[in-house]
Amino acid sequence: MSTPYKPPLKRIYSIQLLLLLICSAALASQDWVVAYSTLCGGMIAISANAWFARQVFRYHGASMAPMITRSFYRGEAGKLVLVTVMFALTFALIKPISVAALFCSFVALILINAGMAARYTARRKK
């Protein structure tokens, strides 16, 4: 009997947060608005992905299949709501903002998350 696989979520999100902080700090010397816009976009992506991962990996085992399915849908719905609310709050509360930096960092962190997840999955299959 094997133990269910649970990716190293804390490690993945810690690395992403560290990369985001380094990038934002580097940008701060050039343009403060771009720096905090980058930080906001990245935090939206990390927060939403962490919520999703937390929901998805709550249950494991064949007997828990209905709960796993429900938690997957709950996680995806919650992620969509979180992203929508966080973007709305960002646009409403933070002025001035660099929309390009906000969305670029959001997309970059989503791609980094997907890449890291693929890397850990491939490493596990070896």
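In short, a report on the structure. (Residues numbered from 1 in each chain as written. Predicted model: local features only at pLDDT ≥ 70, side-chain atom pairs only at ≥ 80, totals over all residues. Heavy atoms only, no water.)

Concerning a nonpolar patch on the surface
At step 1: Taken together, the side chains of Val81, Val85, Leu89 and Leu93 present a nonpolar region at the surface, about 390 Å² in accessible area.
At step 2: Looking at where valine 81 falls in the secondary structure, it is placed in helix H3 (residues 65–93).
At step 3: Classification of valine 81 as exposed rests on a relative accessible area of 53%. (Patch = residues over 30% accessible without salt bridge, like charges linked within 9 Å, V, L, I, M, F, W, Y side chains within 5 Å. Areas by Shrake-Rupley, 256 points an atom, 1.4 Å probe, with all protein chains shown as cover. Salt bridge = Lys/Arg side-chain N within 4 Å of Asp/Glu carboxyl O. Helix = DSSP H or I, 4+ residues; strand = E, 2+ residues; numbered from the N terminus. Buried < 20%, exposed > 50% of the residue type's maximum accessible area, 1.4 Å probe, protein only.)

Let's talk about the packing of H3 against helix H4 (residues 99–125)
At step 1: Between H3 and H4, the shortest axis-to-axis distance is 12 Å and the interhelical angle comes to 160°. As far as their axial angle goes, H4 and H3 are roughly antiparallel. Pair H3 / H4 crosses with right-handed handedness. In contact with Val83, Phe87, Thr90 and Phe91 of H3, H4 contributes Val99, Leu102, Phe103 and Phe106. (Axes fitted to C-alpha atoms, helices over the stretch in contact; angles between N-to-C directions. Parallel < 35°, antiparallel > 145°, perpendicular 65-115°, else oblique. Left-handed = near helix turned anticlockwise from the far one by under 90°. Contact = heavy atoms within 4.5 Å.)

So, the nonpolar core
At step 1: Formed by 18 residues in total, the largest nonpolar core has its most connected members in Tyr13, Ile44, Val83, Phe87 and Phe106.
At step 2: For this core, the elements supplying multiple residues, two or more each, are helix H1 (9–28), helix H2 (32–56), H3 and H4.
At step 3: The leading source of residues in this core is H2, at six residues.
At step 4: In this structure, phenylalanine 87 is in contact with Ile44, Leu102, Phe103 and Phe106, ignoring residues within four places of it in sequence. (Core = buried A, V, L, I, M, F, W, Y, C linked by side-chain atoms within 4.5 Å.)

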